[in-house]
Amino acid sequence: FGVHALLVVTVTLSPVTAAAWSENDVTGEDDYPPLWDLAPGNLLDFPVKDNKIVIGVWNYQGRLGVYKSLLNASAKYFDAFGPLNSGNILWGLPLQHGWQFRTGRLADHSGETSCGYENGELLCQSVRSWWSCMNYYLAVIPFLGAVEAGLFGQLPYEVEILPPEERKDDFCYSVKDCWSRMPKLMDDWKAFFEYLLSTEHKAVSSASFSSFELDDALGLMWKAHTASIAYALPKFQDRLKYLSDPEANFGVAWASGVDFIAATHFSTDFLTTNDFQVFLPPRMLVDGDVPPTISDFSPEQNKVLLTLRTLYKANKSTGGLLLKLWQKAMSTEAGREIGRNLLESLVSS
């Protein structure tokens, strides 16, 4: 049962399936995250105060600017993988964040403030939002890891992240602060960006970064990504109480499912991520939402919810053995290729 559930979920979430179903995405919305064009795209576009670049990441546009700066600074390393930076594997982060914003997942779900709501502070990201807090570790930590690695070159100022109004101890706010509190996370993200930088040195006499190995980069990126989630998940367990039971269950299952996706070195470029996001819930789940019979969700969205939850339960009941077996099967490039071919054959059949 466990292996079957694993295959079903992985096929459901694979880029091959996503491409097949993308024609059913009839939202007509921009493929870029909301307000992408208005977000700062360079670190020096942020305010400078007391010789520090000051970034407010509890505002959607500010956090989006962190992502946009990362995408712009790393663009040259991905020229060979698609035009206009579309092959950049960092696109998965801001696109996921845009989906969270669009579906209201970054708002204050405690009901005590208007943070994140249209009739209040729409661009506010609540420190009481489970999704917003989890995302902090997939935005600020990668960003500061990139700063430390030298992705932005020699900056004229230090970088300071503004804290939220409450629960400040759950986060870190500068390169030095984050290194002292969570060195493993910072080291993992720094390693990914150092790999990108190392390809520049190898290609110094070439017109392009032809020495770039996408599979290696994906491996390092997913290692850091899953480490961020693993660190943040227990820390923000208390935020789940503000969500409906179906939404909380989906969030936890989503976090678990990322481990399985990561093992395949799933490509998080612009086009693949957009195709994949067709499957995600178009709104927050509420009491009474029971997949696969949520009437305003597509059959594919219902299926993803059901299979993610099934996979989570199966892995938990085996004490994590299911994930370990899958990771072992996907531990080599040849194994991952076989896995992807298997999934493609399952889809085509």
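Look up a bit, the structure's there.
Residues numbered from 1 in each chain as written. Predicted model: local features only at pLDDT ≥ 70, side-chain atom pairs only at ≥ 80, totals over all residues. Heavy atoms only, no water.

Peer 1: Mind laying out the overall build of the protein chain, listing which residues take part and the relevant values?
Peer 2: A tally of regular secondary structure across the protein chain gives 14 helices and 3 strands. The 349 residues of the protein chain split such that 54% are buried. In the protein chain, of all internal contacts separated by at least 6 residues, the share reaching a separation of at least 24 is 73%. Total accessible area computed for the protein chain in this model is approximately 15800 Å², and 54% of it derives from carbon and sulfur atoms. (Helix = DSSP H or I, 4+ residues; strand = E, 2+ residues; numbered from the N terminus. Buried < 20%, exposed > 50% of the residue type's maximum accessible area, 1.4 Å probe, protein only. Contact = heavy atoms within 4.5 Å. Areas by Shrake-Rupley, 256 points an atom, 1.4 Å probe, with all protein chains shown as cover.)

Peer 1: Tell me what's going on with the packing of helix 9 (residues 214-235) against helix 10 (residues 245-263), and back it up with residues and numbers.
Peer 2: Helix 10 packs onto helix 9 with a crossing angle of 160 degrees between their chain directions and a minimal axis gap of 10 Å. Here helix 9 is positioned roughly antiparallel relative to helix 10, judged by the angle of their axes. Between helix 9 and helix 10 lies a crossing of left-handed hand. Of helix 10, the residues touching helix 9 (which contributes W222, H225, T226, I229 and L233) are W254, A255, V258, D259, I261 and A262. Split into classes, the residues belonging to the contact of helix 9 with helix 10 amount to 8 nonpolar, 2 polar and 1 charged. (Axes fitted to C-alpha atoms, helices over the stretch in contact; angles between N-to-C directions. Parallel < 35°, antiparallel > 145°, perpendicular 65-115°, else oblique. Left-handed = near helix turned anticlockwise from the far one by under 90°. Nonpolar A, V, L, I, M, F, W, Y, C, P; charged D, E, K, R; others polar.)

Peer 1: An account of the nonpolar core is needed here, citing residue identities and associated values.
Peer 2: One recurring pattern in soluble globular proteins is that nonpolar side chains are buried together. The biggest cluster of nonpolar side chains holds 91 residues, and the ones touching the most others in it are I55, F143, I161 and F193. In this structure, F260, A263, A314 and M330 belong to the second largest nonpolar core, which totals 8 residues. (Core = buried A, V, L, I, M, F, W, Y, C linked by side-chain atoms within 4.5 Å.)

Peer 1: Tell me about the state of the cysteines, and name the residues and values.
Peer 2: The full count for this structure, using the stated rule, is 2 disulfides. Covalent S-S linkage joins C115 and C124, the inter-sulfur distance amounting to 1.9 Å. Its S-S torsion of about -90 degrees marks the bond between C115 and C124 as left-handed, since a negative value means left-handed. The disulfide partner of C172 is C178, and the S-S distance across this bridge is 1.9 Å. On the S-S bond that ties C172 to C178, the torsion sits near 95 degrees, and the link is right-handed. In this pair, the class of C172 matches that of C178, namely buried. By sequence-ordered numbering of the bonded cysteines, the protein chain has its disulfides arranged as 1-2, 3-4. (Disulfide = S-S within 2.5 Å.)

Peer 1: So what about unusual backbone geometry? Which residues, and what values?
Peer 2: Going from P291 to P292, the amide bond is cis rather than trans, its omega being 10 degrees. Phi at N51 takes a positive value of approximately 60 degrees, unusual for a residue other than glycine. Assignment of secondary structure puts N51 in the loop between strand 1 (48-49) and strand 2 (52-55). For L84, which is not glycine, the phi torsion reads 55 degrees and is therefore positive. As for its placement among the helices and strands, L84 is situated in the loop between helix 3 (60-74) and helix 4 (92-102).

Peer 1: Describe the packing of aromatic side chains, with residues and values.
Peer 2: One pair of aromatic rings is described through two measures. These are the centre distance and the angle between the planes. By the definition in use, this model includes 25 aromatic pairs. Positioned over the ring face of W58 is R63, at 4.9 Å from the centre of the ring. (Phe/Tyr/Trp six-rings, centres within 6.5 Å; stacked < 30°, edge-to-face > 60°. Lys NZ or Arg CZ within 6 Å of the ring centre and 35° of its normal.)

Peer 1: A description of the pairing of strand 2 should follow, citing residues and the corresponding values.
Peer 2: Across 2 bridges, strand 1 lies against strand 2 in antiparallel orientation. In the strand pairing of strand 2, K49 is matched with K52. Hairpin geometry of strand 1 and strand 2 is characterised by an intervening segment of 2 residues between the two adjacent antiparallel strands and by a positive phi of about 50 degrees at D50. One ladder, built from 4 bridges, connects strand 2 with strand 3 (residues 158-161); its direction is parallel. Residue pairing in the sheet places I53 in a bridge with V159 of strand 3. (Pairing = 2+ DSSP bridges.)

Don't take any of this as a statement about function, it's just geometry.
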